[in-house]
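Residues per chain, in single letters:
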Amino acid sequence: MGVLPVPAEVRAILLDIEGTTTPIAFVQETLFPYIKDNVKEYLRAHWEEEECQRDVGLLRKQAQEDSGLDGAVPIPLESGSGEEELERVIQAVVDNVHWQMSLDRKTTALKQLQGHMWRAAYATGHVKGEIFEDVVPAIRKWREAGMKVYIYSSGSVEAQKLLFGYSTEGDILELFDGHFDTKIGPKVESESYRRIAASIGCATNNILFLTDVPREANAAEEADTHVAVVIRPGNAGLTDDEKSYYSLISSFTELFLPSST
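In the nomenclature of an unreviewed UniProt entry, the protein chain corresponds to ENOPH phosphatase from the organism Eulacestoma nigropectus.

Following this line, the structure appears as structure tokens:
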């Protein structure tokens, strides 16, 4: 793919995570299976804690909203204090979480519990955020050249900070000037990129967005944001039209900053 010159007006680089800074396999084969395999043990260990009860309350409320959906799993209230009763409620929460994850749902209730479980997993060393080896040296170079670097991911800001704070490269949070998640808007809507530019304090054409998803690239382009699509091992393939239309890179080292010469 060679060298991709960065337009002179670019002042900030906006990075996706999954398939861009981090292998898709890490998310699909490490993070999500960790939740499925450990949710029951986590609930048993933390059930009496206020945070866990808030998480369960949100899941129960979501379950009520989902009651009309095919296969939805209700979460009963605890009516007593017996061990058998507690196990029944915990199993219902586990089944609900598994059901939501099987449908790849992004409900706030599910994401909140996942975030708290990942926080515990990172802090205890059970999980480390995986980063492609070209990422950290490239970002350091960009920052030395005066670039600001931001993250925009569908994962919560908390989950982003855990991944980069407990990564295979150590704590690399200092490399980022800010984090955005879908609270600013969906990644496939152009308005989200206008909001990010306004938040950063620049024009949309002062931003270069790196993503592995053509729909996100298209939305960013519609907002007049510069875009490059990242080709990494395990990423979804691109059509011939997408390959010919988008600027492509397979490593962050392929970006050429005019200001760094």
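For the protein chain, the helix and strand inventory stands at 9 helices and 8 strands. Projected onto the principal axes, the alpha-carbon positions of the protein chain cover approximately 70 × 40 × 35 Å. Within the span of the protein chain, comprising 261 residues, buried residues form 48% of the whole. Put simply, of all contacts in the protein chain between residues at least 6 apart along the chain, 69% involve residues at least 24 apart. Accessible surface computed for the protein chain: about 12800 Å², of which carbon and sulfur atoms make up 49%. Counting 25 positive and 42 negative side-chain charges, the protein chain places the centres of these two groups 3 Å from one another.

Take helix α2 (residues 50-65) next. Here α2 spans 23 Å end to end across 16 residues, near enough to the 22 Å set by a 1.5 Å rise per residue. Of the surrounding elements, those touching the buried residues of α2 are α1 (24-46), α3 (83-102) and α4 (108-123).

Turning our eyes to something else, we now look at the pairing of strand β2 (residues 12-15). If a strand is regular, its side chains alternate between the two faces of the sheet. Taking every second residue as pointing to the same face, both faces of β2 are buried, with Ala12 and Leu14 on one and Ile13 and Leu15 on the other. Examined bridge by bridge, β2 and strand β3 (residues 148-152) share 4 bridges and lie parallel to one another. By the bridge assignment for β3, Leu14 is matched with Tyr150. Alignment of β2 against strand β5 (residues 207-211), held across 4 bridges, turns out to be parallel. In the strand pairing of β5, Leu14 is matched with Phe209.

On to the packing of aromatic side chains, then. Under the criterion given, the structure shown has 9 aromatic pairs. With a centroid separation of 5.9 Å and an interplanar angle of 50°, the aromatic rings of Phe32 and Trp118 are classed as tilted. Of the two residues, Phe32 sits in helix α1 while Trp118 sits in helix α4, which places them 86 residues apart along the sequence. Owing to a relative accessible area of 9%, Trp118 belongs among the buried residues under this scheme. Taking the centre distance of 6.4 Å and the plane angle of 45° together, the rings of Tyr152 and Phe209 count as tilted. Here Tyr152 is found in strand β3, whereas its partner Phe209 is found in strand β5, with 57 residues between them in sequence. Among the aromatic side chains, those forming a connected cluster through ring pairs are Tyr152, Tyr193 and Phe209. The ring of Phe132 has Arg232 lying over it, and the distance from NZ or CZ to the ring centre is 4.1 Å. Taking the ring centre of Phe252 as reference, the NZ or CZ of Arg232 above it sits at 5.1 Å.

Looking now at the layout of surface pockets. It is the rolling of a water-molecule-sized probe over the atoms that shows where space remains empty. If you add up the space inside the largest pocket, you get close to 770 Å³. Where the lining of the largest pocket is concerned, the elements lending two or more residues are α1, α4 and α6 (157-165). Within the lining of the largest pocket, the residues separate by chemical class into 13 nonpolar, 9 polar and 10 charged. Two domains each provide a minimum of three residues to the lining of the largest pocket, namely domain 1 (4-22 + 129-256) and domain 2 (28-124). What the second largest pocket holds in volume is close to 310 Å³. Lining the second largest pocket are 13 residues, with Thr108, Lys111, Ser156, Asp181 and Lys183 positioned closest to its centre. Mapped by element, the contributors of at least two residues to the lining of the second largest pocket are α4 and α6. For the lining of the second largest pocket, the element with the highest residue contribution is α4, accounting for 5 residues. The residue makeup of the lining of the second largest pocket includes at least three contributed by each of domain 1 (4-22 + 129-256) and domain 2 (28-124).

Reading guide: rules and limits
Residues numbered from 1 in each chain as written. Predicted model: local features only at pLDDT ≥ 70, side-chain atom pairs only at ≥ 80, totals over all residues. Heavy atoms only, no water. Helix = DSSP H or I, 4+ residues; strand = E, 2+ residues; numbered from the N terminus. Buried < 20%, exposed > 50% of the residue type's maximum accessible area, 1.4 Å probe, protein only. Contact = heavy atoms within 4.5 Å. Areas by Shrake-Rupley, 256 points an atom, 1.4 Å probe, with all protein chains shown as cover. Lys, Arg positive; Asp, Glu negative; His and termini not counted. Charge placed at Lys NZ, Arg CZ, Asp CG, Glu CD. Expected span 1.5 Å × (residues − 1). Pairing = 2+ DSSP bridges. Phe/Tyr/Trp six-rings, centres within 6.5 Å; stacked < 30°, edge-to-face > 60°. Lys NZ or Arg CZ within 6 Å of the ring centre and 35° of its normal. 1 Å grid on protein atoms, 1.4 Å probe; cavity = no way out; pocket = protein on both sides within 12 Å on 5 of 7 lines; lining within 4 Å. Points joined across faces, edges and corners; volume = space filled by probe spheres on them. Nonpolar A, V, L, I, M, F, W, Y, C, P; charged D, E, K, R; others polar. Domains from an automatic or database assignment.

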